[in-house]
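Tertiary structure, described
Listed below, chain by chain, are the residues.
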Amino acid sequence: MSKVIFLAPNGEIAQDALSPGSHAGVPPLDRRGRPLRDLRISVTDRCNFRCAYCMPREVFDGNYTFLPHASLLTFEEITRVAQAAIQLGVRKIRLTGGEPLMRKNLERLVGMLAMLRTPDGEAIDLTLTTNGTLLEKKAAALRDAGLTRVTVSLDALDEHLFERMSDSRISVKTVLRGIDEAARVGLSPVKVNMVVRKGVNDDQIVPMARHFRHTGHVLRFIEFMDVGTTNGWNMAEVLSGAEILRLLRAHFPLEAVKADYRGEVAARWRYVDGGGEIGLITSVSQPFCGDCTRARLSPEGSIFLCLFADRGHDLRALVRSGADTGALAARIANIWSGRDDHYSEIRGRESSAHRKIEMSYIGG
Ligand code: SAM
Ligand code: SF4
Ligand code: SF4
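For clarity, every value in this text was computed on a predicted model and none was experimentally measured.

Thoughts on the UniProt feature "binding site: [4Fe-4S] cluster 2" (unreviewed entry) in the chain
Under the present numbering, the feature "binding site: [4Fe-4S] cluster 2" (unreviewed entry) in UniProt falls on Cys289, Cys292 and Cys306. The largest pairwise C-alpha distance within this set of annotated residues, which runs over 18 residues, is 9.3 Å, so the set is compact in three dimensions. By the element assignment, Cys292 lies in the loop between β12 (277-281) and β13 (294-297). A residue is classified by how much of its surface remains accessible, and Cys292, at 11% relative accessible area, is buried. Excluding its chain neighbours within four sequence positions, the residues that come into contact with Cys292 are Arg34, Trp336 and Arg339. Structurally, Cys306 can be placed in the loop between β14 (302-304) and β15 (313-314).

So, the environment of Glu243
In this fold, Glu243 is placed in helix α7 (residues 241-249). Not counting the four nearest positions on each side in its chain, Glu243 is found in contact with Lys198 and Val238.

What about helix α2 (residues 106-114)?
Each turn of an α-helix holds 3.6 residues, which means side chains three or four residues apart point in the same direction. Residues of α2 that are buried: Leu106, Leu109, Val110, Met112 and Leu113. Along α2, the residues classed as buried sweep out an arc of 165 degrees about the axis, all on the same side. Buried-residue contacts for α2 involve β4 (38-42), α1 (75-87), β5 (92-96), β6 (125-130) and α3 (135-145).

Let's talk about the packing of aromatic side chains
Each pair of aromatic rings is reported with the distance of its centres and the angle of its planes. Summed over the entire model, instances satisfying the criterion amount to 5 aromatic pairs. Grouping aromatic residues by their ring pairs yields a cluster made of Phe60, Tyr64 and Phe66. The ring of Phe224 is capped by Arg197, whose NZ or CZ atom sits 4.4 Å from the centre of that ring. Note that Arg347 overlies the ring of Phe308, its terminal NZ or CZ placed 5.2 Å from the centroid.

Describing the site of ligand 3
Taken together, the residues surrounding ligand 3 are Phe288, Cys289, Cys292, Arg294, Arg296, Cys306, Leu307, Phe308, Arg339, Asp341, Tyr343 and Ser344. Mapped by element, the contributors of at least two residues to the shell around ligand 3 are β13 and α10 (343-346). Across the shell around ligand 3, the residue classes break down as 7 nonpolar, 1 polar and 4 charged.

Overview of the sheet that holds β6
Through backbone hydrogen bonds, the strands of a sheet pair up, either in parallel or in antiparallel fashion. What the 12 strands build is an open sheet, ordered β10-β11-β12-β9-β8-β7-β6-β5-β4-β13-β14-β15; its pairing is mixed. The sheet is open, and its two borders are formed by β10 (254-257) and β15, each paired with just one other strand. The pairing of strand β11 (residues 267-271) with β12 spans 4 bridges and is classified as antiparallel. Across the sheet, residue Trp269 finds its bridge partner in β12, namely Ile278. Contacting β8 (191-196), β9 (218-223) and β11, helix α6 (residues 205-212) crosses the sheet at an angle of about 175 degrees to β8.

Cut-offs and rules
Position numbers for residues start from 1 in each chain and track the written sequence from start to end. By the order in which they are written, chains take letters starting at A while ligands take numbers starting at 1. Local features in this predicted model are restricted to residues of pLDDT 70 or higher, and side-chain atom pairs are both shown and tallied only at a pLDDT of 80 or more, whereas totals for entire chains, interfaces and linings draw on every residue. The basis for every side-chain value is the complete set of non-hydrogen atoms in the structure, without hydrogens or water. UniProt positions are given in the numbering used here, feature names are shortened, and annotations may be inferred rather than shown by experiment. Secondary structure elements follow DSSP: runs of H or I of four or more residues count as helices, runs of E of two or more count as strands, with numbering from the N terminus. In this scheme, a residue with accessible area under 20% of its type's maximum is buried, one over 50% is exposed, and one in between is partly exposed, where area comes from a 1.4 Å probe on protein chains only. What makes two residues a contact is simply this: any of their non-hydrogen atoms within 4.5 Å. The arc in question is formed by the directions pointing from the helix axis toward the C-beta atoms. Stacked, edge-to-face and tilted labels apply to pairs of Phe, Tyr and Trp rings (six-membered ring for Trp) whose centres lie within 6.5 Å, assigned for plane angles under 30 degrees, over 60, and everything in between, in that order. Geometrically, a charge over a ring is one whose NZ (Lys) or CZ (Arg) sits within 6 Å of the ring centre while staying within 35 degrees of the ring normal. Consider each residue's heavy atoms; a residue with any of them within 4 Å of a molecule or strand counts as near. Under this grouping Gly is polar, as are all residues other than the nonpolar Ala, Val, Leu, Ile, Met, Phe, Trp, Tyr, Cys and Pro and the charged Asp, Glu, Lys and Arg. Paired strands, as defined in this entry, are two strands with at least two bridges between them according to DSSP. In this analysis an axis means a line fitted to C-alpha atoms, helices contributing only their contacting stretch, and an angle means the value between N-to-C directions, from 0 to 180 degrees.

Here is the structure:
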């Protein structure tokens, strides 16, 4: 039996021995004292885009072998893992990919996850990150199934640049229609994620801010990250959050907004004139590992403890052996309690050099 640190309901740290069922009501902490609060579920490794910073076409071409369908967790299996994770403290689930809306009948999975309840009988926050290309068609069905909110990635308003960055023939207008439809059906506020690459799309920062001001959507600028090993990441292409903010403040008066909760990844700012909010995700220049409460479930059912991990912890075999929720929760608690990941804090040091998992596999 392995030793696990538990957070007692009164917030104090307690020690307990792990056995199936013993975790009930006492969510585990990892080795750095972080609780498990968020689960990101990657439902597919496929995508209809080939963003160079994520799935460069030279690697993800016609010869690339994507996961066969039989190796993916079924919706029922995903739901069982999610249920176990909720018992351990997860309160927010994000579906991602690859492009999650390419997984057939995703709304059925959304419906199943939306039925799950915390030990206190509360529903969880259920959200989705998408490139938006299929959103106009699917937003209403996703909302009806129980999705709470949506995040849409959009790196440029300029059509040529967008085509170049997504390496696709899909128009910006398609994504904008998806965003509008999501807001119209109530999946709001819609968050819009823009990955900024210096010298590539930094001239879109101000036009994007101008476009999304006063719409109710929250634009978030993400520093270009060294995820995976294929995207040719280079520090010289990172425009820091501070530089992005300086650029924005030259055009729009902004003031800081206090974080809503521990572990919020974006630093929030609002337009002084009431034009809404923006966010800055500074995982390179200002790492936030100390508050990182996220685990990731791969399409094949492995738990990854960090976006930059080199390997996962298989759960699929246990799921397919017919294990009940208690046994699954005990296994996840055991994995979580051994977590020491803090990659962004040690980026660039020798100890951080390893082969990392691809973003399109594990999701953002
Ligand atoms: N396909 C969906 C999408 O693009 O929204 C979901 C998966 S995608 C991997 C999740 C998020 O990761 C997106 O917002 C994307 O822009 C971001 N992302 C991918 N590669 C990145 C990188 N190298 N640096 C920063 N963000 C990245
Ligand atoms: Fe696809 Fe999203 Fe990766 Fe772009 S960022 S290639 S849309 S998975
Ligand atoms: Fe979390 Fe890993 Fe990112 Fe740090 S580097 S914030 S531990 S996912």
